[in-house]
Protein chains: 2
Amino acid sequence: MKNEIKIFSPATVANVACGFDVLGFCLDSIGDEMVIRKTDKKGIHITKIEGFDLPFEASLNVAGVSALAMYEAANPDCGFEIEIYKNIKPGSGIGSSAASAVGSVFGMNELLGKPYNKTELTQFAIKGEALASKCEHADNLAPAIFGGFTLVKSVSPLEVLEIPVPENLYATIIHPQIEIKTSESRAILPKEVPLQDAITQWSNFGSLIHSLHTSDYDLIQKSLHDVIVEPYRSKLIPHYREVKESALQNGALGAGISGSGPSIFTLSKGLENAKNVKEAMEKVYSKTGITFEMYLTKINTEGIKIL
Amino acid sequence: MKNEIKIFSPATVANVACGFDVLGFCLDSIGDEMVIRKTDKKGIHITKIEGFDLPFEASLNVAGVSALAMYEAANPDCGFEIEIYKNIKPGSGIGSSAASAVGSVFGMNELLGKPYNKTELTQFAIKGEALASKCEHADNLAPAIFGGFTLVKSVSPLEVLEIPVPENLYATIIHPQIEIKTSESRAILPKEVPLQDAITQWSNFGSLIHSLHTSDYDLIQKSLHDVIVEPYRSKLIPHYREVKESALQNGALGAGISGSGPSIFTLSKGLENAKNVKEAMEKVYSKTGITFEMYLTKINTEGIKIL
């Protein structure tokens, strides 16, 4: 059995318009790299962090906390060193903390001979994610671990459903380099919503699940609407409406806030459309003076993997 | 081409727990029969009504109103006579008015050589349904016409999705012979609902759609919960909680209010379970002194048909 493993831990998009709080999907070319190493010295030790300034103390680090949760459960004869090469900016809205949280437990599980299944790994990762987001949720963790589209039916007990991915589906994402405070993006949501809007949302969500099963791109397009959360949270993202409109006008099937933002995701049928959408969104944001990054990837059906 | 046709127009269950206002399914052995006859005399003429006391005047009769909507659109050289043999009690909550509304247009369409598709037929039937329920909706019409499970994604424009039906799915229904006023069952619903409950509902609804696609009976069971409407409307149905509990304890996958009640539907895997559920519900209601009827049928994947 290997003593060291290098892994790619992917970025993810949570919420996906009508699937607020339950749906997510996995990205392909953007993610963190991590090295996990078995050591004689017991415990979890973070030995290297590159890319962003994060705590080395395991109990204060997202990857460390999930690692500790698994370490306590597995109680192995060894310890683990973790090196984190962080590419996903914390607070970007594309699952930065989730990538960290799943990376350590996925790597450790491989080195221990895979004692845990994907749902159990997600369970450990929830502990790490909770450090970052102050609540236990799995809508970024599940797609990072399972790949593709995942529906987190419930967190307690954890139940993750793997939804089929139409073959020709691409995501284009723009990440304006601004900070949205998680507390603010939560506080802005209403406690109550109109019943009629809720009905519209679950009609769209049921349709989206059906459309992913049937690879019905027209229906994906008709389903990717969020009448509950977007009206509130989009106010926190500069030029949101413009970016979304230009994406839709240039062939995107749909667009929405990625996680709690500030990133905006779009889905497109085929690479050509996705490229046009990227160009269109780039055009809008280039004029704003706000720094931004863009990503274009196929939906990653594999999820986290060994490099 | 035939000049006369006899049809079976099935009863249906709308809402289906978490699918409030959008999901429905079609029943097999309970429904109305209707005879539609081409005549030289122009116009729509209801010539016979058996079973229940309903108006003969076409513009005041649900079947007549939908027939008139189609008649005006088709503008044929002939007229039509309609005979209605009504088995589904009006106000039962299993799509009595929907069966009437679809029966006339389905029969006329057959006699005219099928100029209209199922969605167009549903569109005409909506006009009849609106006479009964004072609003345009299609959650009973669509399953009666398409068969199986249908998701009415939107009414305007009308978009009906056909959801796959697991092979071994049976419905048991109890219809307590009490009257619930539609106005009351509507007024009792809140205008606003907690966001957290709405999230639970669409999580369940998305899961239900996934479970129907994958014939995952365990997941059907876990998904058939209604946290939005049932807490309010179940109060209007005597012994609702008892009936539901006994159904679940005796093998039902789930139970809920059929349409706006008073009927209660349950879904079961396999005929044996469905029979046990029927017996259990019967036992509860036998003690109440309230007259009731029961139905046990496979999900009808065919929908309305020629006899």
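Here, the structure is the one placed above.
In this report, we go over the structure that sits alongside the text. Just so you know, these numbers come straight off a predicted model, no measurement behind them.

Focus on helix α3 (residues 118-133) of chain B
Residues spaced three or four apart along an α-helix point in a common direction, a consequence of the helix completing one turn every 3.6 residues. Residues and elements named next belong to chain B. Given a rise of 1.5 Å per residue, 16 residues ought to cover 22 Å, and the 21 Å separating the end C-alpha atoms of α3 matches this to within 8%. The largest bend in α3 amounts to roughly 30 degrees and is located at Lys127. Among the residues of α3, those classed as buried are Leu121, Thr122, Phe124, Ala125, Ile126, Gly128, Glu129, Ala130 and Ser133. Here the buried face of α3 lies against α1 (62-74), α2 (96-111), α4 (141-146), β5 (149-155), β6 (158-163) and α5 (182-187). A positive backbone phi angle near 65 degrees is found at Lys134, which sits one or two residues after α3.

Some words on unusual backbone geometry
Residue and element names in this part refer to chain B. Ser156 connects to Pro157 through a cis peptide bond whose omega is 0 degrees. Summarising the element assignment, Pro157 is placed in the loop between β5 and β6. Cis geometry marks the peptide bond from Gly261 to Pro262, where omega comes out at 5 degrees. The topology assignment puts Pro262 in the loop between β9 (254-257) and β10 (264-269). Of note, Lys114 is a non-glycine position whose phi angle comes to about 55 degrees, a positive value. Exposure remark for Lys114: the relative accessible area of 53% places this residue in the exposed category.

Describing the interface of chain B and chain A
In this assembly, 37 residues from chain B lie in contact with 37 residues from chain A. Taken together, both faces of the contact between chain B and chain A bury some 2,800 Å²; the carbon and sulfur share is 66%. Together, Lys153, Leu195 and Trp202 of chain B form the three largest contributors to the area buried by chain B at its contact with chain A, with a combined 25%. At the junction of chain B and chain A, the tally comes to two salt bridges. Taking the shortest distance from any N to any O, the salt bridge between Lys222 of chain A and Glu159 of chain B comes out at 3.2 Å. For the pair chain B and chain A, the interface holds 15 residue pairs in polar contact (both at pLDDT 80 or more). Put simply, the parts of the chain that give the side of chain B that touches chain A at least two residues each are β5, β6, β8 (192-194), α6 (195-214) and α7 (217-223) of chain B. In terms of residue count, the dominant contributor to the side of chain B that touches chain A is α6 of chain B (15 residues). Of the residues that constitute the side of chain B that touches chain A, the class distribution is 19 nonpolar, 11 polar and seven charged.

What to know about the packing of aromatic side chains
The description of an aromatic ring pair rests on the distance of the ring centres and on the angle between the ring planes. All told, the structure shown has 10 aromatic pairs over all chains when counted by the stated rule. Ring geometry for Tyr71 of chain A and Phe80 of chain A: centres 6.4 Å apart, planes at 85 degrees, overall edge-to-face. When its relative accessible area of 13% is taken as the criterion, Tyr71 of chain A is described as buried. When the ring of Phe25 of chain B is compared with that of Phe149 of chain B, the centres are 5.2 Å apart and the planes differ by 50 degrees; the resulting orientation is tilted. Taken together, the positions of Phe25 of chain B in strand β2 (residues 23-39) and Phe149 of chain B in strand β5 put the pair 124 residues apart, joining distant regions of the chain. Considered together, Phe25 of chain B and Phe149 of chain B belong to a single accessibility category, that of buried residues.

So, the sheet that holds strand β7 (residues 169-176) of chain A
Residues and elements named next belong to chain A. Strand order in the open sheet formed by four strands is β9-β10-β7-β11, and the pairing between neighbours is antiparallel. If you trace the sheet from one side to the other, it starts and ends with β9 (254-257) and β11 (292-298), each paired once. The sheet shows a mean angle of 15 degrees between the axes of neighbouring strands, taken without regard to direction. Of the strand pairs in this sheet, β7 and β11 are connected by seven bridges, and their pairing is antiparallel. Its bridge partner lying in β11, Ile173 is registered against Tyr295.

How each quantity is defined
Residues numbered from 1 in each chain as written. Chains lettered and ligands numbered in written order. Predicted model: local features only at pLDDT ≥ 70, side-chain atom pairs only at ≥ 80, totals over all residues. Heavy atoms only, no water. Helix = DSSP H or I, 4+ residues; strand = E, 2+ residues; numbered from the N terminus. Expected span 1.5 Å × (residues − 1). Bend = angle between axes of the 7 residues up to and from the residue. Buried < 20%, exposed > 50% of the residue type's maximum accessible area, 1.4 Å probe, protein only. Contact = heavy atoms within 4.5 Å. Buried area = accessible area lost by both parts, 1.4 Å probe. Salt bridge = Lys/Arg side-chain N within 4 Å of Asp/Glu carboxyl O. Polar contact = N/O pair within 3.5 Å; in protein donor to acceptor, adjacent residues only side chain to side chain. Nonpolar A, V, L, I, M, F, W, Y, C, P; charged D, E, K, R; others polar. Phe/Tyr/Trp six-rings, centres within 6.5 Å; stacked < 30°, edge-to-face > 60°. Pairing = 2+ DSSP bridges. Axes fitted to C-alpha atoms, helices over the stretch in contact; angles between N-to-C directions.

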